[in-house]
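The lines below spell out each chain.
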Amino acid sequence: MTDFVVNNCRAVLPETVLENASVRVENGVIVEIRQGRSFDGGIDAKDAWLMPGFVDIHSDAIEKAVEPRPGARFPTEIAVRELDRQLAACGITTMFHSLSFADMEDGLRSNNAAAAIIEEIHDLAPSLRVDTLVHSRFEVTDLGAVPYLETLAAEGKIHLLSLMDHSPGQGQYRDVAAYKGYYGKVYNKSDEELDRILSRKAQARENGQSEAIAKLVGLCKRHEVALASHDDDTRQRIEWCVQEGVSISEFPTNLETALAARELGVKTCLGAPNIVRGGSQAKNMSARTAIESGCGDILCSDYLPLSILHAVFLLDLWGVRGLPEAASMASLAPAIATGIDTLTGSVEIGKRADLILVERRHGLPDILRTWSRGREIYASC
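So, a few notes on the structure that sits alongside this text. Given the structure is predicted, the values throughout are model-derived calculations rather than measurements.

Rules and cut-offs
Residues numbered from 1 in each chain as written. Predicted model: local features only at pLDDT ≥ 70, side-chain atom pairs only at ≥ 80, totals over all residues. Heavy atoms only, no water. Helix = DSSP H or I, 4+ residues; strand = E, 2+ residues; numbered from the N terminus. Rg over C-alpha atoms; globule rule 2.2 N^0.38 Å. Buried < 20%, exposed > 50% of the residue type's maximum accessible area, 1.4 Å probe, protein only. Contact = heavy atoms within 4.5 Å. Areas by Shrake-Rupley, 256 points an atom, 1.4 Å probe, with all protein chains shown as cover. Lys, Arg positive; Asp, Glu negative; His and termini not counted. Charge placed at Lys NZ, Arg CZ, Asp CG, Glu CD. Pairing = 2+ DSSP bridges. Axes fitted to C-alpha atoms, helices over the stretch in contact; angles between N-to-C directions. Polar contact = N/O pair within 3.5 Å; in protein donor to acceptor, adjacent residues only side chain to side chain. Phe/Tyr/Trp six-rings, centres within 6.5 Å; stacked < 30°, edge-to-face > 60°. Lys NZ or Arg CZ within 6 Å of the ring centre and 35° of its normal. Arc of directions from axis to C-beta. Core = buried A, V, L, I, M, F, W, Y, C linked by side-chain atoms within 4.5 Å. Salt bridge = Lys/Arg side-chain N within 4 Å of Asp/Glu carboxyl O.

**Digging into the overall build of the protein chain**
Here's step 1: When its secondary structure is counted, the protein chain shows 14 helices and 16 strands.
Here's step 2: By the compact-globule yardstick of 21 Å for 381 residues, the protein chain fits well, its C-alpha radius of gyration being 21 Å.
Here's step 3: Once the C-alpha set of the protein chain is aligned to its principal axes, its extents read approximately 70 × 40 × 40 Å.
Here's step 4: Expressed as a percentage of its 381 residues, the buried residues of the protein chain come to 54%.
Here's step 5: Long-range pairs, those at least 24 residues apart, make up 64% of the contacts in the protein chain with a sequence separation of at least 6.
Here's step 6: Split by element, the accessible area of the protein chain, about 15900 Å² in all, is 48% carbon and sulfur.
Here's step 7: Considering the protein chain, the positive charge centre built from 40 side chains and the negative charge centre built from 54 side chains are found 3 Å apart.

**Some thoughts on the sheet that holds strand β11 (residues 248-250)**
Here's step 1: Judged by pairing direction, the sheet is parallel, and its eight strands sit side by side in the order β6-β7-β8-β9-β10-β11-β12-β13 without closing on themselves. In this open sheet, the two edge strands, each paired with only one partner strand, are β6 (54-59) and β13 (298-300). On average, each strand axis in the sheet is inclined to that of its neighbour by 25°, with strand direction left out of account.
Here's step 2: Here helix α3 (residues 111-124) sits on the sheet in contact with β7 (92-101) and β8 (131-139), set at roughly 155° to β7.

**Some points on the environment of His135**
Here's step 1: Locating His135 in the fold gives a position in strand β8.
Here's step 2: Since its relative accessible area comes to 0%, His135 is described here as buried.
Here's step 3: Considering only alpha carbons, one finds His135 and Phe54, 81 residues apart in sequence, at a separation of 16 Å.
Here's step 4: Among the polar contacts made by the side chain of His135, one reaches the side chain of Ser98 at a distance of 3.4 Å.

**Considerations on the packing of aromatic side chains**
Here's step 1: Considering all chains together, one arrives at two aromatic pairs under this definition.
Here's step 2: Taken together, a centroid distance of 4.9 Å and an interplanar angle of 10° make the contact between Phe4 and Trp371 stacked. Here the residue Phe4 occupies a position in strand β1 (residues 4-12), and Trp371 occupies one in strand β15 (residues 364-372), the gap between them amounting to 367 residues.
Here's step 3: Between the aromatic rings of Trp49 and Phe313, the centroid separation amounts to 5.2 Å while the plane-to-plane angle is 70°, which identifies the pairing as edge-to-face. In this pair, Trp49 sits in strand β5 (residues 49-52) while Phe313 sits in helix α12 (residues 307-317), placing the two residues 264 residues apart along the sequence.
Here's step 4: Relative accessible area serves as the criterion here: at 12%, Trp49 is assigned to the buried category.
Here's step 5: What makes Phe313 buried here is its relative accessible area of 2%.
Here's step 6: Across the ring face of Trp49, the terminal group of Arg10 is positioned such that the distance to the ring centre comes to 4.0 Å.
Here's step 7: Directly above the ring of Trp318 sits Arg288, whose terminal nitrogen or CZ lies 4.1 Å from the centroid.

**Details of helix α4 (residues 146-154)**
Here's step 1: Looking at α4, one finds that the buried residues are Val146, Leu149, Leu152 and Ala153. The buried residues of α4 occupy one face: seen down the axis, they fall within an arc of 135°.
Here's step 2: Contacts made by the buried residues of α4 are with β7, α3, β8, β9 (160-164) and α7 (209-222).
Here's step 3: Trailing α4 by a residue or two, Gly156 shows a phi angle of about 75°, which is positive.

**Quick look at the nonpolar core**
Here's step 1: Counting 77 residues, the largest nonpolar core has Met51, Phe54, Phe138, Leu161, Leu299 and Val312 as the members making the most contacts within it.
Here's step 2: Look past the residues within four positions of Leu299 in its chain and what remains in contact with it is Val55, Leu270, Ile275, Ala311, Val312, Leu315, Ala326, Met329 and Ala330.
Here's step 3: In this structure, Val23, Val347, Leu357 and Leu368 belong to the second largest nonpolar core, which totals 20 residues.

**Structural notes on the pairing of β9**
Here's step 1: Of all five residues in β9, five are buried, a share of seventy percent or more.
Here's step 2: Side chains Leu160, Ser162 and Met164 of β9 all project onto a buried face; the interleaved residues Leu161 and Leu163 project onto the opposite face, where all are buried too.
Here's step 3: With five bridges joining them, β8 and β9 adopt parallel strand pairing. By the bridge assignment for β9, Ser136 is matched with Leu161.

**Observations concerning unusual backbone geometry**
In most cases, non-glycine residues show a negative phi, while peptide bonds are predominantly trans.
Here's step 1: For Glu224, which is not glycine, the phi torsion reads 55° and is therefore positive.
Here's step 2: The topology assignment puts Glu224 in the loop between α7 and β10 (226-230).
Here's step 3: Given the relative accessible area of 75%, Glu224 is considered exposed.
Here's step 4: The phi torsion at Asp231 lies on the positive side, around 55°, for a residue other than glycine.
Here's step 5: Checked against the element boundaries, Asp231 lands in the loop between β10 and α8 (235-244).

**Some remarks on the pattern of salt bridges**
Here's step 1: This model, assessed by the stated rule, comprises 25 salt bridges.
Here's step 2: One salt bridge in this structure joins Arg10 and Asp47, with 3.8 Å as the shortest N-O distance. Of the two residues, Arg10 is situated in strand β1 and Asp47 in the loop between β4 (43-44) and β5; the sequence distance between them amounts to 37 residues.
Here's step 3: For Asp47, a relative accessible area of 35% corresponds to the partly exposed category.
Here's step 4: Put simply, Arg137 and Asp60 hold a salt bridge, and the shortest N to O gap is 3.3 Å. Taken together, the residues Arg137 in strand β8 and Asp60 in the loop between β6 and α1 (61-66) connect sequence positions 77 residues apart. Exposure class is identical for Arg137 and Asp60. Each is buried.
Here's step 5: Via salt bridges that share partners, Arg24, Glu26, Glu32 and Arg34 belong to a single interconnected network.

Shown next, in the form of structure tokens:
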């Protein structure tokens, strides 16, 4: 059913919360929003918030769904469909599944594995509850990934491409010891294996990395694929983003870089787990500090889909952002950044009915219903 009405709700619009509101949906599209007068029949929201469904542009949850433990691979279709149900319960109505092309890391992040999963997601997407897109993450020292990414982008199977460099000495890993400490543990690599990986990274920087990046950036522009940069750590990096037409800075590692992004018009994407946990897992910039300083445009789940809802309401509870702005960070802002804002991302007439109904239970926000394109895909009541 894609025709319905929601009465007696608090409608979270882009700039305000409309009290005692009613919203009417026809053919999966919002066609009327009114205040003070209910429509006949319909759902009684009992003063719950009616909000836009979340647009999650960076989530590695798919990797854990397909491979919950190292070497324990699940069939992709089972993993994708089960994760799809979980996403609906978390209020995510548009998901950019993030797959990394980083052949040196092995496992799902190898080029063959990442490309195969993207192909399967593309085939499954029409039958899923949540609107499902793909975010390809390109480790720029892995030149072997370029042909895979070229093909997928040309075929319309990539909707966001991020450029990342996990080499030590910049970005997330301040030195070789920090890099080895993480990758040795996560990927069970010996010190000798890590040295070989670092040597290959150095060779790539000298033998065609710049040309490969330029090639992919040009391809994405031609095919209208949004571009992001990852773990930016200097103003110079943000200036490079502006020069190359990269419009999103994912997880800037320090406040100075986030401030530069704000000044130069590059949108910053922050992790919702950083807000909920009270800090960065990698000991980088606090997302709350960034937002309090006037930085931070987009919230994503990073690796934990359930975190977005709680981050949005915590920002409101703390007085850091009002609920309309906090909700827009997880819906309208990412939709704008990826070019889908005419379709989704806000409770507005003419937009798809990608909606969530939320109330507080035991002091925490709780999702009662989720709709995608006007179709109810989750209900807890």
